[in-house]
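Okay, here's what each chain looks like letter by letter:
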Amino acid sequence: MISELQVGVITQTHGIRGEVKVFPTTDDASRFKKLKEVIMDTGRERLNMEIEGVKFFKQYAIIKFKGYDSINDIEKYKNAKLYVTRDKAVRLKKDEYFIADLIDMEVVTQEGEYLGRVKDVLVTGANDVYVVEREDKTEILLPAIKECVREIDMERSKITVHIMDGLI
(Lines give C-alpha, C1' and ligand atoms only; values in the text may rest on other atoms or scores of the structure.)
Protein backbone atom coordinates (compact mmCIF):
# COMPACT_ATOMS: atom_id res chain seq x y z
CA MET A 1 0.00 0.00 0.00
CA ILE A 2 1.29 3.46 -0.89
CA SER A 3 2.43 5.43 2.17
CA GLU A 4 2.03 8.90 0.61
CA LEU A 5 -0.82 10.36 -1.38
CA GLN A 6 -0.56 13.20 -3.87
CA VAL A 7 -2.75 16.20 -3.01
CA GLY A 8 -1.61 18.78 -5.56
CA VAL A 9 0.84 20.14 -8.10
CA ILE A 10 2.42 23.60 -8.01
CA THR A 11 1.51 25.23 -11.32
CA GLN A 12 3.11 28.67 -10.92
CA THR A 13 3.98 31.45 -8.53
CA HIS A 14 1.29 33.83 -7.29
CA GLY A 15 2.37 37.40 -6.66
CA ILE A 16 5.80 38.37 -5.35
CA ARG A 17 5.56 37.29 -1.69
CA GLY A 18 6.37 33.60 -2.11
CA GLU A 19 2.88 32.21 -2.70
CA VAL A 20 2.22 29.45 -5.24
CA LYS A 21 -0.82 28.32 -7.20
CA VAL A 22 -1.54 24.67 -6.53
CA PHE A 23 -3.79 22.56 -8.73
CA PRO A 24 -5.50 20.16 -6.29
CA THR A 25 -5.34 16.45 -7.13
CA THR A 26 -7.67 15.64 -4.26
CA ASP A 27 -11.48 15.51 -4.31
CA ASP A 28 -11.79 18.26 -1.72
CA ALA A 29 -9.52 21.30 -2.19
CA SER A 30 -10.70 22.77 1.13
CA ARG A 31 -8.59 20.09 2.86
CA PHE A 32 -5.57 22.38 2.31
CA LYS A 33 -7.00 24.63 5.07
CA LYS A 34 -6.53 21.76 7.55
CA LEU A 35 -3.03 20.76 6.46
CA LYS A 36 -0.05 21.96 8.47
CA GLU A 37 2.62 20.49 6.20
CA VAL A 38 3.14 18.68 2.93
CA ILE A 39 6.01 16.84 1.27
CA MET A 40 7.19 18.58 -1.88
CA ASP A 41 8.77 16.36 -4.54
CA THR A 42 10.78 18.42 -7.03
CA GLY A 43 12.02 15.40 -8.95
CA ARG A 44 15.49 15.86 -7.49
CA GLU A 45 14.68 16.24 -3.81
CA ARG A 46 11.88 15.85 -1.29
CA LEU A 47 11.27 18.67 1.15
CA ASN A 48 8.99 18.90 4.18
CA MET A 49 7.13 22.16 3.72
CA GLU A 50 5.27 23.91 6.52
CA ILE A 51 2.10 25.65 5.36
CA GLU A 52 1.79 29.22 6.63
CA GLY A 53 -1.38 30.24 4.80
CA VAL A 54 -4.00 29.03 2.31
CA LYS A 55 -6.59 30.85 0.25
CA PHE A 56 -8.50 29.89 -2.87
CA PHE A 57 -8.78 31.38 -6.35
CA LYS A 58 -10.97 29.68 -8.96
CA GLN A 59 -10.00 25.97 -8.94
CA TYR A 60 -6.60 26.65 -7.32
CA ALA A 61 -5.34 26.69 -3.76
CA ILE A 62 -2.96 29.60 -3.17
CA ILE A 63 -0.41 28.38 -0.64
CA LYS A 64 2.25 30.26 1.32
CA PHE A 65 5.04 28.11 2.76
CA LYS A 66 6.87 29.22 5.91
CA GLY A 67 10.34 30.59 5.16
CA TYR A 68 9.64 31.26 1.49
CA ASP A 69 8.91 34.97 1.38
CA SER A 70 9.64 36.09 -2.17
CA ILE A 71 8.99 34.97 -5.71
CA ASN A 72 12.74 34.27 -6.01
CA ASP A 73 12.60 31.74 -3.14
CA ILE A 74 9.74 29.73 -4.59
CA GLU A 75 9.73 29.99 -8.40
CA LYS A 76 12.15 27.07 -8.82
CA TYR A 77 9.45 24.75 -7.45
CA LYS A 78 7.03 25.09 -10.39
CA ASN A 79 5.61 21.68 -11.36
CA ALA A 80 6.62 20.13 -8.03
CA LYS A 81 4.16 17.57 -6.66
CA LEU A 82 2.76 17.85 -3.15
CA TYR A 83 2.09 14.79 -0.98
CA VAL A 84 0.75 13.98 2.46
CA THR A 85 1.56 10.92 4.50
CA ARG A 86 -1.29 8.42 4.81
CA ASP A 87 -1.87 9.34 8.48
CA LYS A 88 -2.66 12.92 7.38
CA ALA A 89 -4.95 11.82 4.55
CA VAL A 90 -8.69 12.39 4.69
CA ARG A 91 -10.66 9.65 6.41
CA LEU A 92 -12.56 7.51 3.97
CA LYS A 93 -16.14 6.39 4.37
CA LYS A 94 -17.25 2.79 3.93
CA ASP A 95 -16.73 1.62 0.32
CA GLU A 96 -14.44 4.57 -0.51
CA TYR A 97 -10.87 4.00 -1.67
CA PHE A 98 -7.87 6.05 -2.70
CA ILE A 99 -7.29 5.75 -6.44
CA ALA A 100 -3.60 5.07 -5.76
CA ASP A 101 -4.59 1.94 -3.81
CA LEU A 102 -6.74 0.59 -6.66
CA ILE A 103 -4.07 0.90 -9.35
CA ASP A 104 -2.56 -2.48 -10.27
CA MET A 105 -5.18 -4.50 -8.38
CA GLU A 106 -6.13 -7.82 -9.99
CA VAL A 107 -9.64 -7.93 -11.48
CA VAL A 108 -11.59 -11.21 -11.68
CA THR A 109 -15.17 -12.14 -12.50
CA GLN A 110 -17.49 -13.72 -9.94
CA GLU A 111 -16.81 -16.99 -11.74
CA GLY A 112 -13.06 -16.61 -11.07
CA GLU A 113 -11.99 -15.64 -14.62
CA TYR A 114 -8.95 -13.35 -14.63
CA LEU A 115 -9.69 -10.13 -16.55
CA GLY A 116 -6.55 -8.05 -15.95
CA ARG A 117 -5.26 -5.28 -13.70
CA VAL A 118 -6.55 -1.81 -12.90
CA LYS A 119 -4.46 0.56 -15.00
CA ASP A 120 -6.32 3.80 -14.24
CA VAL A 121 -9.46 5.21 -12.67
CA LEU A 122 -11.46 7.76 -14.65
CA VAL A 123 -13.35 10.21 -12.47
CA THR A 124 -16.60 11.09 -14.20
CA GLY A 125 -19.58 13.03 -12.95
CA ALA A 126 -21.84 10.08 -12.20
CA ASN A 127 -19.45 7.33 -11.10
CA ASP A 128 -15.80 6.39 -11.44
CA VAL A 129 -14.75 4.03 -14.21
CA TYR A 130 -12.01 1.43 -13.71
CA VAL A 131 -9.72 1.00 -16.71
CA VAL A 132 -8.68 -2.67 -16.69
CA GLU A 133 -5.75 -3.68 -18.86
CA ARG A 134 -5.95 -7.24 -20.18
CA GLU A 135 -2.95 -9.46 -20.86
CA ASP A 136 -3.22 -8.70 -24.60
CA LYS A 137 -2.98 -4.94 -23.73
CA THR A 138 -6.62 -4.25 -24.66
CA GLU A 139 -8.72 -2.38 -22.12
CA ILE A 140 -12.08 -2.95 -20.47
CA LEU A 141 -13.95 -0.03 -18.92
CA LEU A 142 -15.87 -1.06 -15.81
CA PRO A 143 -18.24 1.34 -14.04
CA ALA A 144 -17.57 1.52 -10.31
CA ILE A 145 -21.16 0.77 -9.35
CA LYS A 146 -22.60 -1.91 -7.06
CA GLU A 147 -24.16 -3.81 -10.00
CA CYS A 148 -20.69 -4.31 -11.50
CA VAL A 149 -18.11 -4.14 -8.69
CA ARG A 150 -19.08 -6.84 -6.20
CA GLU A 151 -16.08 -6.83 -3.84
CA ILE A 152 -12.86 -4.92 -3.31
CA ASP A 153 -10.46 -6.96 -1.20
CA MET A 154 -7.62 -4.64 -0.17
CA GLU A 155 -5.81 -7.43 1.71
CA ARG A 156 -5.57 -9.68 -1.35
CA SER A 157 -5.34 -6.77 -3.83
CA LYS A 158 -8.27 -8.18 -5.78
CA ILE A 159 -11.48 -6.76 -7.24
CA THR A 160 -14.34 -9.14 -8.03
CA VAL A 161 -16.76 -7.95 -10.69
CA HIS A 162 -19.99 -8.96 -12.38
CA ILE A 163 -19.78 -8.40 -16.12
CA MET A 164 -23.04 -6.78 -17.16
CA ASP A 165 -24.39 -7.38 -20.67
CA GLY A 166 -22.57 -5.32 -23.28
CA LEU A 167 -19.50 -4.44 -21.19
CA ILE A 168 -17.11 -6.73 -23.05
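The structure this text deals with has already been given above.
Small disclaimer: the values here were computed from a predicted structure and weren't measured.

Chemist: What's the story with the nonpolar core in this structure? I'm lost.
Modeler: In summary, soluble globular proteins display a tendency toward joint burial of nonpolar side chains. Counting 21 residues, the largest nonpolar core has Ile10, Ile63 and Phe65 as the members making the most contacts within it. Mapped by element, the contributors of at least two residues to this core are strand S1 (4-14), strand S2 (19-24), strand S3 (37-41), strand S4 (46-57), strand S5 (60-65) and strand S6 (81-85). Among the elements that take part in this core, S4 stands out by supplying four residues, more than any other. Once residues within four sequence positions are removed from consideration, Ile63 is found in contact with Gly18, Glu19, Val20, Val22, Phe32, Ile51, Gly53 and Val54. In terms of nonpolar packing, the next biggest core, distinct from the first, is built from 15 residues, Val107, Val118, Tyr130 and Cys148 among them.

Chemist: Is there a simple way to think about the pairing of strand S9 (residues 129-133) in this case?
Modeler: Each regular strand displays side chains that alternate between the two surfaces of the sheet. Taking burial as the measure, the five residues of S9 include four buried ones, the bulk of the element. Note: strand S8 (residues 114-122) against S9, five bridges, orientation antiparallel. Looking across to S9, one finds that Leu122 is bridged to Val129. Here S8 folds back onto S9 in antiparallel fashion, the turn holding six residues. In this structure, S9 lies alongside strand S10 (residues 139-143), joined through five bridges in antiparallel fashion. Of the residues in S10, the one forming a bridge with Val131 is Leu141. As consecutive antiparallel partners, S9 and S10 are separated by five residues, and within that stretch Lys137 has a phi angle of approximately 75 degrees, a positive value.

Chemist: Where do I start with the sheet that holds strand S7 (residues 106-109) in this structure?
Modeler: Adjacent strands of a sheet pair through backbone hydrogen bonds, lying either parallel or antiparallel. Taking strand neighbours across the sheet as the criterion, the six strands line up as S10-S9-S8-S7-S12-S11 in an open arrangement whose pairing is mixed. This sheet does not close on itself; its edge strands, each paired only once, are S10 and strand S11 (149-153). Along the sheet, successive strands turn relative to each other by an average axial angle of 35 degrees, direction set aside.

Quick notes on the rules
- Residues numbered from 1 in each chain as written.
- Predicted model: local features only at pLDDT ≥ 70, side-chain atom pairs only at ≥ 80, totals over all residues.
- Heavy atoms only, no water.
- Core = buried A, V, L, I, M, F, W, Y, C linked by side-chain atoms within 4.5 Å.
- Buried < 20%, exposed > 50% of the residue type's maximum accessible area, 1.4 Å probe, protein only.
- Helix = DSSP H or I, 4+ residues; strand = E, 2+ residues; numbered from the N terminus.
- Contact = heavy atoms within 4.5 Å.
- Pairing = 2+ DSSP bridges.
- Axes fitted to C-alpha atoms, helices over the stretch in contact; angles between N-to-C directions.

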